[in-house]
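Fold and contact review
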Amino acid sequence: MNVSAGSGVFLLSLMSIPISFLFNSLMCNMYAVHAFLSVVNLIIGLEQDNIIDGFMTFYLKEAEPHINTAYGHMISYWDGCVHYLMYLLMVAAITWGGSYRAIGLYWVGSFLMRVMVYILGNAVGKYGTQVGPLFLLHISYVLVSVWACFRVFSQPPTLEITGQSIPLKRSKNVLRRPLDVLFIIYLVLATAFCIFRGLVVLDCPWEWCLEYAQKYEPYLKDPSAYPKIQMLVGMLYSGPYYIMALYGLVVPGCEWMPDLTLVHSGALAQAQFSHIGASLHTRTPFSYRVPAAGQLLFLLVNLLYGLLPQALCYRCATRPELFLRPSPERKTQ
């Protein structure tokens, strides 16, 4: 090996220093960029509703028409407020050396739900033929964010459970846990509801489906396709989740339960916020908005459907003894 080759090896080895530093700070920098984009989305939503003016006028004129739909308004507000807060919390945790796994999993569910519905709705809705270069830029943003989702899942769990509390909780069957019995009833009803709305958007000819779509949620038939995609995603993904959650509440030792409830509660919070808001928004054609006579029932059902998963998530996160197994070290003590 000559001198120049040896020097090249030496210089190449030194590159590990800046590369290691770059990868170590990449997560914090990425969430900082996401926070910046969230504020941009908030500005877009405010200007779309004429609350402010003169910030994003050019973009709104030149952007794809999807952003000007009622659903586009709602995800702009969600990203600009809720996702923004999540990014700040995750950046703070990374900066201070804490764990951001719990808030990260909640963000993963919210982000993935938004991405699935928005991208598929853009592709198959009435604006599907107007996809332009900005849509490709959005895809690149999604790919980077998906990488961040995998990084969140790779974080170690932070729950601390004493070995003595686990047998105590497991000694109680489900009938001796009244709160869990209520959650089981909720999960059964939620399973039926998500399947029912999936059948409605699939044009089921049953009288109940036709009457529900006409009197309570005509937005399900909106040609933008976002509500249709939303209900199909709910039926195909939330439905199996409810069955798994039922199993997790009945059978002790399902360690995946707290993480799964975090992801699903984030996804359903985003879904219900966007769906309720778009169903009532003035950008939705009048014939597809919720009729005044059905608004009370619509709000009651959809708010409960969105809030009860948050309560189940809180129960699993704060009292996880039922779902965890004692480690071998704890068993020997």
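Residues numbered from 1 in each chain as written. Predicted model: local features only at pLDDT ≥ 70, side-chain atom pairs only at ≥ 80, totals over all residues. Heavy atoms only, no water.

The protein is annotated in an unreviewed UniProt entry as Transmembrane 6 superfamily member 1 of Gadus morhua. You can read under Subcellular location (unreviewed entry) in the UniProt record for the protein the words "Lysosome membrane". Heading Function (unreviewed entry) of the UniProt record for the protein holds this comment: "May function as sterol isomerase." (UniProt positions renumbered as here; feature names shortened; annotations may be inferred.)

Once that is clear, we can look at the packing of aromatic side chains. Scanning all chains against the criterion turns up 11 aromatic pairs. Centroid distance Y87 to W107: 5.9 Å. Interplanar angle 65°. Geometry classified as edge-to-face. Here Y87, found in helix α4 (residues 70-95), pairs with W107, found in helix α5 (residues 101-124); they are 20 residues apart in sequence, far enough to count as distant. Its relative accessible area of 0% is what places Y87 among the buried residues. Ring centres of W107 and F111 lie 5.3 Å apart, and the angle between their planes is 25°; this geometry places the pair in the stacked category. Of the two residues, W107 and F111 both sit in helix α5, four residues apart, roughly one turn of that helix. By the burial criterion, W107 is buried, and F111 matches it. Feature note: the residues Y186, F193, Y241, Y242 and Y305 constitute an aromatic cluster, connected by ring pairs. (Phe/Tyr/Trp six-rings, centres within 6.5 Å; stacked < 30°, edge-to-face > 60°. Helix = DSSP H or I, 4+ residues; strand = E, 2+ residues; numbered from the N terminus. Buried < 20%, exposed > 50% of the residue type's maximum accessible area, 1.4 Å probe, protein only.)

This paragraph deals with α4. With 26 residues, α4 extends 36 Å between its outermost C-alpha atoms, agreeing within 8% with the 38 Å of an ideal straight helix rising 1.5 Å per residue. The sharpest bend along α4 measures roughly 35° and falls at D79. Phi turns positive one or two residues past the end of α4, at G97, with a value near 75°. (Expected span 1.5 Å × (residues − 1). Bend = angle between axes of the 7 residues up to and from the residue.)

With their axes 11 Å apart at the nearest point, α4 and α5 run at an angle of 160° to one another. Our classification of the angle between α4 and α5 gives roughly antiparallel. Judged by the twist between their axes, the crossing of α4 over α5 is left-handed. Across the interface between the two elements, Y71, I75, W78, H83, M86, Y87, L89 and M90 from α4 touch I103, G104, Y106, W107, S110, F111, R114, V117 and Y118 from α5. For the contact of α4 with α5, the residue count by class is 13 nonpolar, three polar and one charged. (Axes fitted to C-alpha atoms, helices over the stretch in contact; angles between N-to-C directions. Parallel < 35°, antiparallel > 145°, perpendicular 65-115°, else oblique. Left-handed = near helix turned anticlockwise from the far one by under 90°. Contact = heavy atoms within 4.5 Å. Nonpolar A, V, L, I, M, F, W, Y, C, P; charged D, E, K, R; others polar.)

Take V290: it is sitting in the loop between α11 (257-280) and α12 (295-318). Linking V290 and Q214, residues 76 residues apart in sequence, is a C-alpha distance of 8.9 Å. Those residues in contact with V290, other than ones at most four positions away along the chain, are Y216, P218, S279, L280, Q295 and F298.

Under the 1.5 Å per step criterion, the end-to-end length of helix α10 (residues 226-250) is 35 Å for 25 residues, consistent within 8% with the ideal 36 Å. Helix geometry: α10 is bent most strongly at M235, by close to 30°.

Attention shifts here to the UniProt feature "transmembrane region" (unreviewed entry) in the protein. The sites that UniProt annotates as "transmembrane region" (unreviewed entry) are residues 6-23, 75-96, 103-121, 133-153, 179-200 and 229-250. Secondary structure over residues 75-96 splits into 95% helix and 0% strand, and the C-alpha atoms at its two ends are 30 Å apart. Across residues 179-200, the secondary structure splits into 100% helix and 0% strand, with the terminal C-alpha atoms separated by 31 Å.

With that out of the way, let us pick up the nonpolar core. Ranked by internal contacts, the top residues of the largest apolar core, which has 30 residues, are L187, V200, Y242, L249, Y305 and L312. Elements represented by at least two residues in this core include exactly α8 (178-201), α9 (207-215), α10, α11 and α12. Take this core: its biggest share by element is 10 residues, from α8. Judged by nonpolar contacts, the second largest core, of 25 residues, contains W78, Y106, W107 and C313. (Core = buried A, V, L, I, M, F, W, Y, C linked by side-chain atoms within 4.5 Å.)

We now examine the confidence of the model for the protein. On average, residues of the protein score 80 in pLDDT, and 78% of them reach the 70 mark or higher. Across residues 19-23, where pLDDT falls below 50, the model places zero contacts with residues more than four positions away in sequence or in other chains. Under a pLDDT of 50 for its full length, residues 329-333 has, in the predicted model, five contacts with residues more than four places off or in other chains. (pLDDT = per-residue confidence, 0-100.)

Bringing the pattern of salt bridges into the picture now. What the rule picks out here adds up to six salt bridges. We note a salt bridge from D180 to R315, for which the minimum N-O separation is 2.8 Å. Note that D180 is positioned in helix α8 and R315 in helix α12, a separation of 135 residues in sequence. Side by side, D180 and R315 carry an identical accessibility label, which is buried. A salt bridge links R197 to E217, with the shortest nitrogen-to-oxygen separation between them at 3.1 Å. Remark: E217 occurs in the loop between α9 and α10 and R197 occurs in helix α8; sequence separation between them is 20 residues. Looking at R197, the relative accessible area reads 2%, which means it is buried. Each of R177, D180 and R315 takes part in salt bridges that share partners, so that together they form one network. (Salt bridge = Lys/Arg side-chain N within 4 Å of Asp/Glu carboxyl O.)

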